[in-house]
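# Descriptive structure summary
Listed below are the residues making up each chain.
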Amino acid sequence: MTHHQSNSAPRQALYTPEERRRRDASPWTLVQGILAPIQFLVFMVSLYLVLRYLVTGEGEGIATVSVVVKTLVLYTIMITGAIWEKVVFGRYLFAPAFFWEDVFSMLVLALHTAYLIALATQMVDVQGQMFLALAAYATYVINAGQFLIKLRAARLDAARRDRPDGAFAEAAE
């Protein structure tokens, strides 16, 4: 383990004490904690099915259903996440602590919604729809990474807060 100490001004904590209290007391925190791994599992299955269709031409129906299910799970986590953000930060979206994650989430939503529109209107052939799904999935992976980084930051903040000297230990990279 390496001990890091910075001579620069301390980084602002992700949550104020009151926000942390609301986060910890909110049932929406648990909902997000349950939905996030479910969404990732649905994503992995769907990604496999979409790639299998693109490589072999087989399984169009199941791949299509999987993308629709992934999109519905995304909408669910986005709605419940907005409720969580309202409870914790007092606004449904774009709270300063999660501003850039929310901005990128809008792109994720837009691409998933574009897939549903392409599917419903058939203005794009199936292969094009699957490539649109892959673009949506690429943005989802980036966005999930953003949120994982914030989760790690929150854990480091908690570790720092719990240390009497304000310092914290971090594993060597």
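My aim in this report is to walk through the structure given alongside it, one point at a time. Here the structure is a predicted model, which means the values were calculated and not measured. (Residues numbered from 1 in each chain as written. Predicted model: local features only at pLDDT ≥ 70, side-chain atom pairs only at ≥ 80, totals over all residues. Heavy atoms only, no water.)

Orientation of helix H2 (residues 27–56) relative to helix H3 (residues 60–89), taken along the N-to-C sense of each, is 160 degrees, at an axis distance of 9 Å. As summarised for this structure, H2 and H3 are arranged roughly antiparallel, according to the angle between their axes. Crossing geometry of H2 relative to H3 is assigned as left-handed. Of the residues in the contact of H2 with H3, the class split is 19 nonpolar, 8 polar and 3 charged. (Axes fitted to C-alpha atoms, helices over the stretch in contact; angles between N-to-C directions. Helix = DSSP H or I, 4+ residues; strand = E, 2+ residues; numbered from the N terminus. Parallel < 35°, antiparallel > 145°, perpendicular 65-115°, else oblique. Left-handed = near helix turned anticlockwise from the far one by under 90°. Nonpolar A, V, L, I, M, F, W, Y, C, P; charged D, E, K, R; others polar.)

Not every positive phi belongs to a glycine, and Phe94 is a case in point at roughly 65 degrees. Tracing the sequence through the fold places Phe94 in the loop between H3 and helix H4 (99–121). Even without being a glycine, Gln122 presents a positive backbone phi close to 55 degrees. Here Gln122 is to be found in the loop between H4 and helix H5 (126–162).

What follows is about the packing of aromatic side chains. Scanning the entire structure with this criterion turns up 11 aromatic pairs. On the numbers, 4.9 Å between centres and 55 degrees between planes, the contact of Phe43 with Tyr140 is tilted. Taken together, the positions of Phe43 in helix H2 and Tyr140 in helix H5 put the pair 97 residues apart, joining distant regions of the chain. Here the two residues Phe43 and Tyr140 agree in accessibility, since each one is buried. With centroids separated by 5.7 Å and ring planes inclined at 55 degrees, the aromatic side chains of Phe94 and Phe99 adopt a geometry described as tilted. Exposure remark for Phe99: the relative accessible area of 33% places this residue in the partly exposed category. Joined through ring pairs, the aromatic side chains of Tyr15, Trp84, Phe89, Phe98 and Phe147 make up one cluster. The residue whose ring lies beneath Arg23 is Tyr15, and the NZ or CZ to ring-centre distance is 4.6 Å. (Phe/Tyr/Trp six-rings, centres within 6.5 Å; stacked < 30°, edge-to-face > 60°. Buried < 20%, exposed > 50% of the residue type's maximum accessible area, 1.4 Å probe, protein only. Lys NZ or Arg CZ within 6 Å of the ring centre and 35° of its normal.)

To continue, consider a nonpolar patch on the surface. A contiguous nonpolar surface patch, about 280 Å² in accessible area, is contributed by Leu30, Ile34 and Ile38. Structurally, Leu30 is set in helix H2. (Patch = residues over 30% accessible without salt bridge, like charges linked within 9 Å, V, L, I, M, F, W, Y side chains within 5 Å. Areas by Shrake-Rupley, 256 points an atom, 1.4 Å probe, with all protein chains shown as cover. Salt bridge = Lys/Arg side-chain N within 4 Å of Asp/Glu carboxyl O.)

It is worth spelling out H4 at this point. An α-helix turns once every 3.6 residues. As a result, residues three or four positions apart point the same way. Over its 23 residues, H4 extends 33 Å from the first C-alpha to the last, a length consistent with the 33 Å expected when each residue adds 1.5 Å. By the burial criterion, the buried members of H4 are Glu101, Asp102, Ser105, Val108, Leu109, Leu111, His112, Tyr115 and Ala118. Phi turns positive one or two residues past the end of H4, at Gln122, with a value near 55 degrees. (Expected span 1.5 Å × (residues − 1).)

Attention shifts here to the side chain of Ser26. When you line up the elements, Ser26 lands in the loop between helix H1 (17–25) and H2. Once you skip the residues sitting within four places of it in the chain, Ser26 turns out to touch Trp84 and Val87. (Contact = heavy atoms within 4.5 Å.)

Taken as a whole and assessed by the stated rule, the structure comprises 4 salt bridges. One salt bridge connects Arg21 with Glu18, and the closest N-O pair in it is separated by 2.5 Å. Of this pair, Arg21 and Glu18 both sit in helix H1, 3 residues apart, which is roughly one turn of that helix. For Arg23, the salt bridge is made with Asp24, and the minimal N-O distance between the two is 2.7 Å. Residue classification places Arg23 among the buried positions, given a relative accessible area of 17%. The exposure class of Asp24 is exposed, given its relative accessible area of 54%. Linked through salt bridges whose partners overlap, the residues forming this network are Glu18, Arg21 and Arg22.

Just geometry here; none of it tells us what the structure is for.
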